[in-house]
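# Remarks on the overall topology
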Amino acid sequence: MFFVKDIYQIIRSSATGVALFLILTLTCCENIEKDSVVFNIIPEANLEGVVLYVADTTGFVKIFESDIHSSDDVSFKRKANHPFIYSIEQGDKRIEVIASPGDKLVVDLKNRTVHWKRGEENLHYTAFAGKIKDNDNRLDSLFTELIYGQSTDDYQKYREVVTNDLNSITVTMNAESKKFISDNPSSIGIFRAINLSFKQKPVFNYLLDKPVYNKVDSLFSLYHNGHPYSTWFRKRLRNIEKISAEVVKTVNIPFDSQFPEFALRNFNGKEQQLSVDKGGLTVIYLWNDNTRSRQATQRLKSIYDSYRDKKLNVFAISFDNSLKNWGSIITIDKMWWINVIDTTGNRSSLLKELDSPPVPYFIVVDDSHKVKAHFSNSVQLEAWLKTYYLNQE
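Residues numbered from 1 in each chain as written. Predicted model: local features only at pLDDT ≥ 70, side-chain atom pairs only at ≥ 80, totals over all residues. Heavy atoms only, no water.

### What about the overall build of the chain?
Along the backbone of the chain there are eleven helices and 17 strands. Expressed as a percentage of the 393 residues in the chain, the buried residues total 46%. For the chain, contacts bridging at least 24 residues in sequence account for 65% of all contacts bridging at least 6. Carbon and sulfur atoms form 51% of the exposed surface of the chain, whose accessible area is close to 20400 Å². (Helix = DSSP H or I, 4+ residues; strand = E, 2+ residues; numbered from the N terminus. Buried < 20%, exposed > 50% of the residue type's maximum accessible area, 1.4 Å probe, protein only. Contact = heavy atoms within 4.5 Å. Areas by Shrake-Rupley, 256 points an atom, 1.4 Å probe, with all protein chains shown as cover.)

### Description of the side chain of Ser230
Here Ser230 is to be found in helix H7 (residues 228-244). The buried category is assigned to Ser230, whose relative accessible area is 6%.

### Considerations on the packing of aromatic side chains
Under the counting rule described, the total for this entry stands at 23 aromatic pairs. Here Phe204 and Tyr213 contribute two aromatic rings whose centre-to-centre distance is 6.4 Å and whose plane-to-plane angle is 80°, an arrangement assigned as edge-to-face. With a centroid separation of 6.2 Å and an interplanar angle of 10°, the aromatic rings of Tyr213 and Phe233 are classed as stacked. Here Phe233 lies in helix H7 and Tyr213 lies in helix H6 (residues 210-223), a separation of 20 residues in the sequence. On the basis of relative accessible area, Tyr213 is assigned to the buried category, the value being 2%. For Phe233, a relative accessible area of 0% puts it in the buried group. In this structure an aromatic cluster arises from ring pairing among Phe84, Phe191, Phe204, Tyr213, Phe220, Tyr229, Trp232 and Phe233. The ring of Phe84 has Arg78 sitting right over it, with the charged end atom 5.3 Å from the ring centre. (Phe/Tyr/Trp six-rings, centres within 6.5 Å; stacked < 30°, edge-to-face > 60°. Lys NZ or Arg CZ within 6 Å of the ring centre and 35° of its normal.)

### With respect to the sheet that holds strand S13 (residues 281-287)
On the basis of which strands lie adjacent, the open sheet formed by seven strands has the order S12-S11-S15-S14-S13-S16-S17 and mixed pairing. Looking at the sheet topology across the chains shown, the edges are occupied by strand S12 (271-272) and strand S17 (371-375). For S13 and strand S16 (residues 361-365), the ladder comprises five bridges, and the chain directions are antiparallel. Residue pairing for S16: Tyr285 is matched across the bridge by Phe362. (Pairing = 2+ DSSP bridges.)

### With respect to the pairing of S16
Within S16, five of the five residues are buried, which leaves it mostly tucked inside the rest of the structure. Taking every second residue as pointing to the same face, both faces of S16 are buried, with Tyr361, Ile363 and Val365 on one and Phe362 and Val364 on the other. As paired elements, S16 and S17 share four bridges and run antiparallel to each other. Opposite Phe362, over in S17, you have Phe375 as the bridge partner. In textbook terms, the turn of a hairpin is the stretch between consecutive antiparallel strands, and for S16 and S17 this stretch comprises five residues, one of which, His369, has a positive phi near 70°.

### Observations regarding the pattern of salt bridges
Scanning all chains against the criterion turns up 15 salt bridges. A salt bridge links Lys372 to Asp256; the shortest N-O distance between them is 2.6 Å. Taken together, the residues span a long stretch of sequence, with Lys372 in strand S17 and Asp256 in the loop between H7 and strand S11 (264-266) at a distance of 116 residues. According to the relative accessible area criterion, Lys372 is partly exposed, its value standing at 31%. The network of salt bridges with shared partners includes Arg94, Glu96, Asp136 and Arg192. (Salt bridge = Lys/Arg side-chain N within 4 Å of Asp/Glu carboxyl O.)

### Focus: unusual backbone geometry
Cis geometry marks the peptide bond from Val359 to Pro360; its omega dihedral reads 10°. Along the chain, Pro360 falls in the loop between helix H10 (349-353) and S16. Even without glycine at this site, Lys311 takes up a positive phi of about 70°. Note that Lys311 resides in the loop between helix H8 (291-307) and strand S14 (312-318). Judged by relative accessible area, Lys311 falls into the partly exposed class, the value being 44%. One non-glycine residue, Asp355, lies in the positive phi region at around 70°. Assignment of secondary structure puts Asp355 in the loop between H10 and S16. For Asp355, a relative accessible area of 35% gives the class partly exposed.

Right under this line is the structure:
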């Protein structure tokens, strides 16, 4: 036993030995069950423990964690009936791979390499995932600077840099994701590509990228029919299609009409009227405490961050009977724009003047308070704003 361990250490200590070690490891694992995936992970010594994640429809879920500060190799076997996306992490090191049933993977975290028999698919995927990781790191660094810069005179500069970089990364990775999907049509990695987002900002927009969504749906049906990723994506796509197909003109708000005048209580307890920056646009966001409004708020925050440097503002009107509930939601959801409340709720005279639109609802007005567009969902709003600002350039 001692002799075998010595040979093992000698093999691991030389460059050629590492290659031999990989071959021996894969050969020894030849009889692995066809419905399992085996990971042999070579960690970097004196770091945190190794953590293994698998991607599901909600993100990456932890399935294994090794001891902290262990320099021993880590082995892990997982039952799997389909190929899945995995992330192996140790400290700030991360490698994303695709593993299918019957695969034997040797993951070298120190050198950030992966070896196994069927490596062609991962050769492309790990390169793609590496670009995701690099951009994640870049944004993490920028957001850290933004947090520390909040109390300085340079905060506005930090915020503009972060917003511009987030937009730039989104555009770049949109193109990279499309290329990955086109070049690797049978790869389960297209699930990661089509659902990619940075800081909760999705890379793809259904109204602008509808052909890509339909292409991915077709590829899932062709190569991965019955896979959990495929089933979930189809349900999600049908839901997006349903929302996007909603008819906006069911609400009779004439375009170029004057938005009704009002004065409502703001967050500081004072009356607030509609105000729009000269030359800018304001999204009047009608909402309440329902689930759809809470989800729409998160999407609107991303849209707001993308276009606030172009004089886009948000004026949120809540139709809630409870001031306490309204204030809590604003704080929890971090709705940092102008907020007012109409405590008459669904009986609001303002809602009636607007032909009683469903809530949430989005109305875009210019600096003269004229209605330029209105939408029942944020996907349509974002597509309209993108086209509007492109035409302004």
